[in-house]
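Summary of structural features
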Amino acid sequence: MVNFTILAGGYTSFVASYLFNSDTNALTLLNQSPTGANPSWIARHPANKSILYTVNENPSGGLQSFVIGQNGVLSAAVDTVSSEGDSPAFTVPLSTGQVAIMNYGSGNGLIVPTEPSNPLKFLSDHPVITFDAPVSHPHMALEHGPEVFVPDLGADKIWRLSEDGAPGKFKVHGEIAQPKGSGPRHIATRGDMLFTVHELASTLTQQRIPPAPNGTVGPLIANFSILPPGLPQGAAMAGAEILVTEASQSFPEPFVYVSNRNTGVQDPRGDAIAIFRLQPELSLVGFVYTGLDQIRGMQLGGPEKEFLIAGGVAGDAGVIVLKRTQGGRNLTILDRNLDLPTRTSFVWLD
């Protein structure tokens, strides 16, 4: 029997933990650990696997650190720092020991250094990073070599950040323009390729990463709609999350999985996950319908990333676990847990 513990954030005042039994395909709610309000995005330290970071997605936003205990139970918050902005929707720890947090509502962000001997403790020297655009909604941060990429849904740019002399001090030193009005939300990189999910256009694009800081941006290599067929009248779709997998023993080729969010008239089938092949070139394989309402977050887990957990930010369809099948070309729902109606981000602990 192989059990996996999974943490799940949401618009509540707790982080939940689930147990997934891969022999029986059962997903069970284990517990709920108190946190600050609205830990909508959660992330695990890349080296110290006992540390979890969460946002507090509020008008006066925050960043918190916790110790992960047995069965995914969290300690009381070890440290809390202001995000210096409104509605931080994303956080991620960097390989340098710093933690990025982006404020969607106020168009700014921080990269917060931690104590070298204790990544649970935040240091105070972290000037606010601002983005020079009439409208700015930074929605993610992704470490890429010595840079940090920040997709900005409001500015239609991906900002390129670099450290400016000391930890916690970052500057915008370049940008990668995106199609006007597309609303880049989340991104992934693979080698020198950049894959972007555009919320407003409901598209997935592929382009070559131009040389830093402001190399010439070439034409898009690929630009696919992620809208599933047969949507009801009044549906309002918005792209959200992107996951990239590599080849392994059971999955002979890499894939991209992209979530849709229907913020309008609901489809009885629920939101769809779009599946793309990467080789020999990016191409759409198909859609898997989930029964969920607005998939904001989803995450892969298992030794070969063979499982995917997802939840909706609205409705009452709970949390589902799917299995990658047909070599990765399809997804099959294994179980649905309805104990909590919504969840928005996930971390696999095993």
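From a predicted model like this one, the values you see are computed outputs, not experimental measurements.

1. Thoughts on the sheet that holds strand β14 (residues 147-152)
Strand order in the open sheet formed by four strands is β13-β14-β15-β16, with antiparallel pairing between adjacent strands. With partners counted over all chains shown, the strands left at the sheet margins are β13 (142-144) and β16 (169-177), one partner each. For this sheet the average axis-to-axis angle between neighbouring strands, irrespective of direction, equals 35°. Relative to strand β15 (residues 157-166), β14 runs antiparallel, the two sharing five bridges. Following the sheet pairing, D152 is matched in β15 by K157.

2. A few points about the nonpolar core
Grouped together as the largest cluster of nonpolar side chains are 35 residues, with contacts concentrated most on L63, I111, V148, V150 and L161. Where this core is concerned, the elements lending two or more residues are β5 (51-56), β8 (88-93), β9 (98-103), β10 (108-115), β11 (118-122), β14, β15 and β16. Sort the elements by how many residues they give to this core and β9 lands first, with four residues. Excluding residues that lie within four positions of it along the chain, L161 makes contacts with I111, I129, F131, P146, E147, V148, V150, F170, K171, V172 and H173.

3. Digging into the pattern of salt bridges
In this structure the tally under the stated criterion is ten salt bridges. In this structure, K157 engages E175 in a salt bridge whose closest nitrogen and oxygen atoms are separated by 2.8 Å. With K157 in strand β15 and E175 in strand β16, the pair connects residues that are 18 residues apart, well separated along the chain. A relative accessible area of 28% means that E175 is categorised as partly exposed. In this structure, E246 engages R190 in a salt bridge whose closest nitrogen and oxygen atoms are separated by 2.8 Å. Of the two residues, E246 sits in the loop between β21 (237-245) and β22 (255-262) while R190 sits in strand β17 (residues 184-190), which places them 56 residues apart along the sequence. A cluster of three or more residues bridged by salt bridges with shared partners is formed by R185, E199 and R261.

4. Description of the sheet that holds strand β28 (residues 330-337)
Across the sheet, which stays open at both edges, the four strands sit in the order β25-β26-β27-β28 with antiparallel pairing between neighbours. The open sheet terminates on both sides in strands that have one partner only, identified here as β25 (293-301) and β28. The average angle at which neighbouring strand axes cross in this sheet is 30°, direction not considered.

5. Considering the environment of S250
Locating S250 in the fold gives a position in the loop between β21 and β22. Overall, S250 belongs to the partly exposed group, its relative accessible area being 40%. Of note is the side chain of S250, whose polar atom sits 2.7 Å from the side chain of E304.

6. Here's the deal with the environment of F195
As for its placement among the helices and strands, F195 is situated in strand β18 (residues 193-198). As a C-alpha pair, F195 and V244 span 49 residues in sequence and 9.3 Å in three-dimensional space. Ignoring anything within four residues of it in the chain, the contact list for F195 reads H186, I187, A188, R190, L204, T205, Q206, I242, L278 and L282.

Reading the values: rules and limits
- Residues numbered from 1 in each chain as written.
- Predicted model: local features only at pLDDT ≥ 70, side-chain atom pairs only at ≥ 80, totals over all residues.
- Heavy atoms only, no water.
- Pairing = 2+ DSSP bridges.
- Helix = DSSP H or I, 4+ residues; strand = E, 2+ residues; numbered from the N terminus.
- Axes fitted to C-alpha atoms, helices over the stretch in contact; angles between N-to-C directions.
- Core = buried A, V, L, I, M, F, W, Y, C linked by side-chain atoms within 4.5 Å.
- Buried < 20%, exposed > 50% of the residue type's maximum accessible area, 1.4 Å probe, protein only.
- Contact = heavy atoms within 4.5 Å.
- Salt bridge = Lys/Arg side-chain N within 4 Å of Asp/Glu carboxyl O.
- Polar contact = N/O pair within 3.5 Å; in protein donor to acceptor, adjacent residues only side chain to side chain.

Functional significance is not addressed by these values, which are geometric in nature.
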